[in-house]
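Examining the three-dimensional arrangement
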Amino acid sequence: MKELYFDAAVIGGGAAGMAAALELDTAGLSCAIIEREDGLGGILGQCIHNGFGLIEFDEELTGPEFAERMQEKLAGTRISVFTGATVMEMDTLPEIKTLYCYSARWGVLKVNAKAIVLAMGCRERNRGNIRIPGDRPAGVYTAGLAQRLVNIEGFIPGRNAVVIGSGDIGLIMARRMSWIGCKVHAVVEILPYPSGLTRNIVQCLHDFDIPLYLSHLTTRIIGRERVEGVEVTPIENGALMQEKAFIIPCDTVLLSVGLVPENELSKTVGVGLNPMTNGPAVDSMLMTSVPGVFACGNVLHVHDLVDYVVEESRRAGGNVARWLKGERPGREARVKAGSNVRYAAPSKVDLERDNKLYLRAMIVKNGAALEVKVNNRIVKTIKKNHVQPSEMLTLELGPKDLEGAAGVPDPMIEISIN
Ligand SMILES: Cc1cc2nc3c(=O)[nH]c(=O)nc-3n(C[C@H](O)[C@H](O)[C@H](O)COP(=O)(O)OP(=O)(O)OC[C@H]3O[C@@H](n4cnc5c(N)ncnc54)[C@H](O)[C@@H]3O)c2cc1C
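As the structure is a computational prediction, the values presented were derived from the model and not from experiment. All residue numbers here refer to positions counted from 1 along the written sequence of the relevant chain. For this predicted model, a pLDDT threshold of at least 70 governs which residues receive local features, and a threshold of 80 or more governs which side-chain atom pairs are given and counted, while totals over whole chains, interfaces and linings are taken from all residues. With hydrogens and water excluded, all non-hydrogen atoms of the structure serve as input to the side-chain values.

Bringing helix H2 (residues 63-74) into the picture now. Residue pairs spaced three or four apart in an α-helix point in one direction, given the helix's 3.6 residues per turn. Taking 1.5 Å of rise per residue, twelve residues should cover 16 Å, and H2 covers 17 Å from first to last C-alpha, within 8% of that figure. Of all the positions in H2, only Gly 63, Phe 66, Ala 67, Met 70 and Leu 74 are classed as buried. Axial view of H2: buried residues confined to an arc of 100 degrees, hence all on one face. In this description a helix means any DSSP run of H or I spanning at least four residues, a strand means any run of E spanning at least two, and both kinds are numbered starting from the N terminus. One or two steps after H2, the chain reaches Gly 76, where phi turns positive at roughly 90 degrees. How far a helix is expected to stretch is found by multiplying one less than its residue total by 1.5 Å. A 1.4 Å probe rolled over the protein chains alone gives each residue an accessible area, and that area as a share of the maximum for its type sets the label: buried under 20%, exposed over 50%, partly exposed in between. What the arc measures is the spread of directions leading from the helix axis to the C-beta atoms.

Right, here's the structure in full:
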């Protein structure tokens, strides 16, 4: 068994893990990235469409190109990279943390570090999570799995597809399937508005004449050996209109019904979760409830843009360095998601520093106002031309905005959209 010591160890070598590690290296700390796949980049490797890096590199890149740019930055640093190594267990003693990694190359690799960064990304919700009734035929895939099959493994999952859920991965796969010669008959969405970015609705559905059924529920998957069709039922005024149900024949179903932070490993060491994000609850330094364990990227909350993942993860890396040098958060206030806000991350802000928050709306609205209250008093209002759940919002709060919380016991920041 190989045993190694670092100042910090990063679990996951996607955009988040690489960005956090780069920041740790810049701060002069020794660090390792442990990645279970054979290469770095995470989900970026299978996203061969463009639209990545507009903020970070001021260029429109594909996922693999974005990953390559990040890897170029790693070259020449002292960061130790272990690919093909899966972290299976963690010990988080106050003075030292240990990661037990299983790898075909080294057997068990024991990585000790003073701090850990969780950057394990997220996983797709599947048929079991949303309980679609019907048969259990072959031909049902999550959209991300289908994306991997097409873009990396070189397989065509089917010829006639229906996409369930209008999340970004499903929209991108509707276009990808059309490009490889499949007929995509429909995208079916339970909500009255799309779950994906507007640009993806236009570029992936409208440009390919793929119908989008909003307020429609997939009520059955049909087929014994292989998928033969799906039954779709409209929803009107909150009620299922069974008499209006119809069948769309197809041989393939792609599910794009949400992503959940990958938190199985985190839970084994008692990391407290935020029920609104399903990722770890973190303080203003992005540190979880376990001292010395930090989180960033999609493991913390599901991001729509890789640029925000990198920005947040850089901050996490910088915070680990500050924490290892003995810095601790100043006075903090809890952050509460108020009306029409699904969540705001992190769960706390530092009253003495500049903070950046990421939030998601629960409504679709033009001419909205983002409102920040400190102990029930409005301190900031920001006008937004348009808000929708699929587009993450950002909010900067500095000491000046938060001065009303000084001297108040257990201060609370509430963020609402009106
Ligand atoms: C289909 C799709 C399309 C997208 N399109 C765009 C777009 O057009 N523009 C844009 O800006 N953004 C886009 N995004 C978003 C962006 O690419 C992602 O949010 C970002 O790349 C996520 O980075 P991450 O590092 O948090 O997670 P990931 O990339 O998922 O990386 C996590 C890594 O952790 C590893 N890991 C997990 N558990 C372990 C373990 N126990 N041990 C070792 N390693 C482990 C995984 O193997 C993985 O490599 C898209 C995302 C998807 C899924």
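That was the structure; now back to the text.
Take the state of the cysteines next. Any cysteine sulfur atom paired with another within 2.5 Å is treated as part of a disulfide. The full count for this structure, using the stated rule, is zero disulfides. Unpaired in this structure, Cys 250 has its nearest cysteine sulfur neighbour in Cys 182, at a distance of 12 Å. Overall, Cys 250 belongs to the buried group, its relative accessible area being 6%. Not engaged in a disulfide, the cysteine Cys 296 finds its nearest cysteine sulfur in Cys 31; these two sulfurs lie 12 Å apart.

Below, the discussion takes up unusual backbone geometry. The peptide bond linking Ala 345 to Pro 346 adopts the cis configuration, its omega dihedral lying at 5 degrees. Structurally, Pro 346 can be placed in the loop between strand S22 (341-345) and strand S23 (348-350). Phi is positive for Asp 209, close to 55 degrees, though the residue is something other than glycine. The class for Asp 209 is exposed, based on a relative accessible area of 70%. In the Ramachandran plot, Asn 375 falls in the positive-phi region, its phi being about 45 degrees despite a non-glycine side chain. Structurally, the position occupied by Asn 375 is in the loop between strand S25 (365-374) and strand S26 (377-387). Assessed through its relative accessible area of 29%, Asn 375 is described here as partly exposed.

Shape is all these values report; function is a separate question.
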